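Architecture at a glance
Residues per chain are reported as follows:
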Amino acid sequence: MDLFEYQGKQYFARYGIAVSPGDVADTVEEAVAVAERVGYPVVVKAQVKVGGRGKAGGVKLAANVEEAREHATSILGLDIKGHVVKRVWIEHASDIAKEYYASFTLDRPNKTHLGMLSAQGGVEIEVVAEENPDAISFLSIDPVRGLDLETARRWVAEAELDEAAREQAAELLVKLYTCYTEGDCDLAEINPLVLTPTGTVHALDAKVTLDENASFRHPEWEAYREGEFEDPREKMAKEKGLNYIGLEGTVGIIANGAGLAMSTLDVVNQVGGTAANFLDIGGGANADVMAAALEVINADPMVKSIFVNIFGGITRVDEVANGVLEALKRVNIAAPIVLRLDGTNAVEGRAILAPHLNDHLITEPTMLDAARRAVALAN
Ligand code: GDP
Ligand code: MN
């Protein structure tokens, strides 16, 4: 999950990383009230999950209430690379002597964490990497040993941060590393990290990506989901405890096992169709799960046919067949359902369905046949 800048700054603050005081606003009036509260000059900043807001007119300095009103008016509703600004963050503006770049991310091939630090911040790091790669100092961090202050001190010197910034920057980097690891981030980036003319170092921007696999140990992350765009189908599926991902096509997919579900998408594509979703019902293909799965797919107006692809292993196909019939009693499904049932007790399963087959409930002998049939019905 990507965080908005203001959420990233809230997250940084939990780990003692210095950020400017500020608040969010959804309307011009709220924005003006926040500006009055934090004190001029202020920066009015578009809250969208995309970089380069500055260049796009989404970050503006205001010296007084008139300017705060003017900038909030122009930024709220602004379209930045397809993201419409619904909320602004207003903070007390900082004087800037120097802009640096700092980040931590995962270096998968090396099985380490990767720190990146540059004395040339404020511009996109990709541009620095291209035009002046030597200006970025990389630090490979053993996840078991972590990052200590001594190492951080050597790092800020190597990156040639200004003398006045080094000690504070080193301490901040250790905190950022703690935020990144204990806070279960995939990415924690500050660009720019600034040195002010009076000699303090703090974060002017925050880009944080949280590792969703760790959400079980972070109940506090739920607050960050508020305002997050969510596919209504995915929301419904989540409420029903289903493993569902919404796609753009017309063939609804239900399969048991993530691997089979992915193969099902491929086969539907191969025969000229498009999948409306990924849905793995796992081993528990009972009536409750099947009914929930059919309900979610049925709620998608794009779906023109439903392909139920079950390979019974531990899951028994006769139970799946009973589950489908039971589910159909509970849910009124608009689109025709094509079933491919194979594996454990497939013969029994097909026999259970046989008396109920019609042009809305169809079985096919193989996965490929079933895909072709479902696609033909959808197109
Ligand atoms: P981004 O363009 O989306 O990365 O947004 P940033 O938050 O990084 O802001 C873009 C630029 O605006 C920064 O690189 C700064 O140069 C400038 N900026 C942001 N906050 C302040 C501030 O408090 N004071 C001043 N003087 N400039 C700021
Ligand atoms: Mn930035």
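A quick note: this is a predicted structure, and the numbers were derived from the prediction, not measured.

Let us now look at the pattern of salt bridges. In total, this model carries 29 salt bridges according to the counting rule given. With its nearest N and O atoms 2.7 Å apart, the salt bridge here joins Asp26 to Arg87. Here the residue Asp26 occupies a position in the loop between strand S1 (22-25) and helix H2 (28-38), and Arg87 occupies one in the loop between strand S5 (83-84) and strand S6 (88-92), the gap between them amounting to 61 residues. Put simply, Glu29 and Arg69 hold a salt bridge, and the shortest N to O gap is 2.8 Å. Of this pair, Glu29 sits in helix H2 while Arg69 sits in helix H3 (residues 65-75), and the two are 40 residues apart along the sequence. The exposure class assigned to Arg69 is partly exposed, which follows from its relative accessible area of 36%. The network of salt bridges with common partners includes Glu5, Lys9, Lys45, Arg53, Glu91 and Asp205.

This brings us to the environment of Leu61. Along the chain, the position of Leu61 falls in strand S3 (residues 59-62). Discounting residues that sit within four places of it in the chain, Leu61 has contacts with Val42, Val43, Glu67, His71 and Ala93.

The next subject is the packing of helix H5 (residues 149-158) against helix H6 (residues 163-182). One way to put it is that H5 packs onto H6 with a least axis distance of 8 Å and a crossing angle of 125 degrees. Viewed along their axes, H5 and H6 adopt a mutual orientation that is oblique. Relative to H6, the crossing made by H5 is right-handed. Residues Leu149, Ala152, Arg153, Trp155, Val156 and Ala157 of H5 lie in contact with H6, whose contacting residues are Arg166, Glu167, Ala169, Ala170, Glu171, Leu173 and Val174. A per-class count over the contact of H5 with H6 returns nine nonpolar, no polar and four charged.

Below, the discussion takes up the coordination of the manganese ion (ligand 2). Expected angles at a metal are 109.5 degrees for tetrahedral coordination by four donors and either 90 or 180 degrees for octahedral coordination by six donors. Distances from the manganese ion (ligand 2) to its protein donors, Asn191 (O) and Asp205 (OD), fall within 2.2 Å. Pair noted here: Asn191 is in strand S10 (residues 185-195) and Asp205 is in the loop between strand S11 (201-203) and strand S12 (207-210), with a separation of 14 residues, a long-range link. A relative accessible area of 18% means that Asp205 is categorised as buried.

In the vicinity of ligand 1, 16 residues are found, and the nearest of them are Lys45, Arg53, Gly54, Ser94 and Glu99. In the environment of ligand 1, an oxygen atom lies 2.5 Å from a nitrogen or oxygen atom belonging to the side chain of Lys45. A distance of 3.4 Å is found between an oxygen atom of ligand 1 and a backbone nitrogen or oxygen belonging to Gly52. When ligand 1 sits alone it has 560 Å² of accessible area, and the protein chains cover 80% of it. Taken together, the elements giving at least two residues each to the shell around ligand 1 come down to strand S2 (42-46), S3 and S10. Taken together, the residues of the shell around ligand 1 break down into seven nonpolar, five polar and four charged. Residues lining the shell around ligand 1 come from more than one domain, with at least three contributed by each of domain 1 (21-92) and domain 2 (98-224).

Once that is clear, we can look at unusual backbone geometry. Excluding glycine, most residues fall at negative phi; most peptide bonds, likewise, are trans. Pro41 follows Tyr40 through a cis peptide bond whose omega is -5 degrees. Within the fold, Pro41 resides in the loop between H2 and S2. The step from Asn191 to Pro192 runs through a cis peptide bond, and the omega angle for that step is 10 degrees. Examined against the element boundaries, Pro192 turns out to sit in strand S10.

Moving on, we come to the state of the cysteines. Taken as a whole and judged by the stated rule, the model has zero disulfides. Cys179 forms no disulfide, and the closest cysteine sulfur to it belongs to Cys185, at a distance of 4.4 Å.

Another point: the sheet that holds S3. Read across the open sheet, the four strands follow the order S1-S6-S2-S3; overall the sheet is antiparallel. Among the strands making up the open sheet, the edge pair consists of S1 and S3. Ignoring strand direction, the axes of neighbouring strands in this sheet form an average angle of 20 degrees. Two elements, S1 and S6, share four bridges in a ladder whose sense is antiparallel. Its bridge partner lying in S6, Ala25 is registered against Val88.

Rules of the game
- Residues numbered from 1 in each chain as written.
- Chains lettered and ligands numbered in written order.
- Predicted model: local features only at pLDDT ≥ 70, side-chain atom pairs only at ≥ 80, totals over all residues.
- Heavy atoms only, no water.
- Salt bridge = Lys/Arg side-chain N within 4 Å of Asp/Glu carboxyl O.
- Helix = DSSP H or I, 4+ residues; strand = E, 2+ residues; numbered from the N terminus.
- Buried < 20%, exposed > 50% of the residue type's maximum accessible area, 1.4 Å probe, protein only.
- Contact = heavy atoms within 4.5 Å.
- Axes fitted to C-alpha atoms, helices over the stretch in contact; angles between N-to-C directions.
- Parallel < 35°, antiparallel > 145°, perpendicular 65-115°, else oblique.
- Left-handed = near helix turned anticlockwise from the far one by under 90°.
- Nonpolar A, V, L, I, M, F, W, Y, C, P; charged D, E, K, R; others polar.
- Donors = N, O, S within 2.8 Å, 3.2 Å for Na, K, Ca; no water.
- Near = heavy atom within 4 Å.
- Polar contact = N/O pair within 3.5 Å; in protein donor to acceptor, adjacent residues only side chain to side chain.
- Areas by Shrake-Rupley, 256 points an atom, 1.4 Å probe, with all protein chains shown as cover.
- Domains from an automatic or database assignment.
- Disulfide = S-S within 2.5 Å.
- Pairing = 2+ DSSP bridges.

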